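Tertiary structure, described
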Amino acid sequence: MEIVLALGIGVLTASGVWLLLRPRTFQVILGLSLLSYAVNLFIYAMGRLNIDAPPIVGAGVGNLGGYDDPVPQALVLTAIVISFAMTALLLVVLIASRGITGTDHVDGDDGE
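About the thresholds
Residues numbered from 1 in each chain as written. Predicted model: local features only at pLDDT ≥ 70, side-chain atom pairs only at ≥ 80, totals over all residues. Heavy atoms only, no water. Patch = residues over 30% accessible without salt bridge, like charges linked within 9 Å, V, L, I, M, F, W, Y side chains within 5 Å. Areas by Shrake-Rupley, 256 points an atom, 1.4 Å probe, with all protein chains shown as cover. Salt bridge = Lys/Arg side-chain N within 4 Å of Asp/Glu carboxyl O. Helix = DSSP H or I, 4+ residues; strand = E, 2+ residues; numbered from the N terminus. Buried < 20%, exposed > 50% of the residue type's maximum accessible area, 1.4 Å probe, protein only. Polar contact = N/O pair within 3.5 Å; in protein donor to acceptor, adjacent residues only side chain to side chain. Axes fitted to C-alpha atoms, helices over the stretch in contact; angles between N-to-C directions. Parallel < 35°, antiparallel > 145°, perpendicular 65-115°, else oblique. Contact = heavy atoms within 4.5 Å. Nonpolar A, V, L, I, M, F, W, Y, C, P; charged D, E, K, R; others polar. Left-handed = near helix turned anticlockwise from the far one by under 90°.

A few words on a nonpolar patch on the surface. There is a patch of nonpolar side chains on the surface, built from I3, V4 and L7 and spanning about 330 Å² of accessible area. Tracing the chain through its elements places I3 in helix 1 (residues 2-20).

So this is what it looks like as structure tokens:
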């Protein structure tokens, strides 16, 4: 399970970096989204990968190895909301830039 998650994070990161280096603004936005997904998975994986483990620790429990850590889950939920807002803002900037310059290239030049 850990190797599959590590490979998934690696593929998302590599795809995001590759898209960030593209000349079109929509591809850059998709690259940023993929990188944010990779970071969210990485943060979530830091809280341990337990299956069917209770998330809340009761009173008088000595061994915490069988419980999930709720902090990475809360961080990922917050990051999802922030990345959604960031993507929406970037799309508005993309549309405005496209209307002003007439091109969707990052540097505003068609390369001609």
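That covers the picture; the talk isn't over yet.
Quick look at the environment of S83 now. In this fold, S83 is placed in helix 3 (residues 70-101). For S83, a relative accessible area of 11% translates into the label buried. Along the sequence, S83 and S36 sit 47 residues apart, while their C-alpha atoms lie 6.9 Å from each other. Here the side chain of S83 touches I80 through a polar contact of 3.0 Å, landing on its backbone oxygen.

Attention shifts here to the packing of helix 2 (residues 25-45) against helix 3. For the pair helix 2 and helix 3, interaxial distance at closest approach is 9 Å and the crossing angle is 175°. As the angle between them shows, helix 2 and helix 3 are arranged roughly antiparallel. Each of T25, F26, I29, L32, S33, S36, N40, I43 and Y44 in helix 2 lies in contact with helix 3, whose residues at this interface are P72, Q73, L75, V76, A79, I80, S83, M86, T87, L90, L91 and L94. Of the residues contributing to the contact of helix 2 with helix 3, the split by class is 14 nonpolar, seven polar and no charged.

Attention now moves to the pattern of salt bridges. As enumerated under the stated definition, the model contains one salt bridge in all. Residue R24 is joined to D104 by a salt bridge in which the shortest nitrogen-to-oxygen separation is 2.6 Å. Remark: D104 occurs in the segment after helix 3 and R24 occurs in the loop between helix 1 and helix 2; sequence separation between them is 80 residues. Residue classification places R24 among the partly exposed positions, given a relative accessible area of 36%.

With that settled, consider the packing of helix 1 against helix 2. It is the contact of helix 1 with helix 2, at a shortest axis distance of 7 Å, that shows an interaxial angle of 155°. In terms of orientation, helix 1 lies roughly antiparallel with respect to helix 2. Crossing hand, helix 1 versus helix 2: left-handed. Contacts from L5, I9, L12, T13, S15, G16, V17, L19 and L20 of helix 1 reach helix 2 at Q27, V28, L30, G31, L32, L34, L35, Y37, A38, L41, F42 and A45. Residues that form the contact of helix 1 with helix 2 fall into these classes: 16 nonpolar, five polar and no charged.

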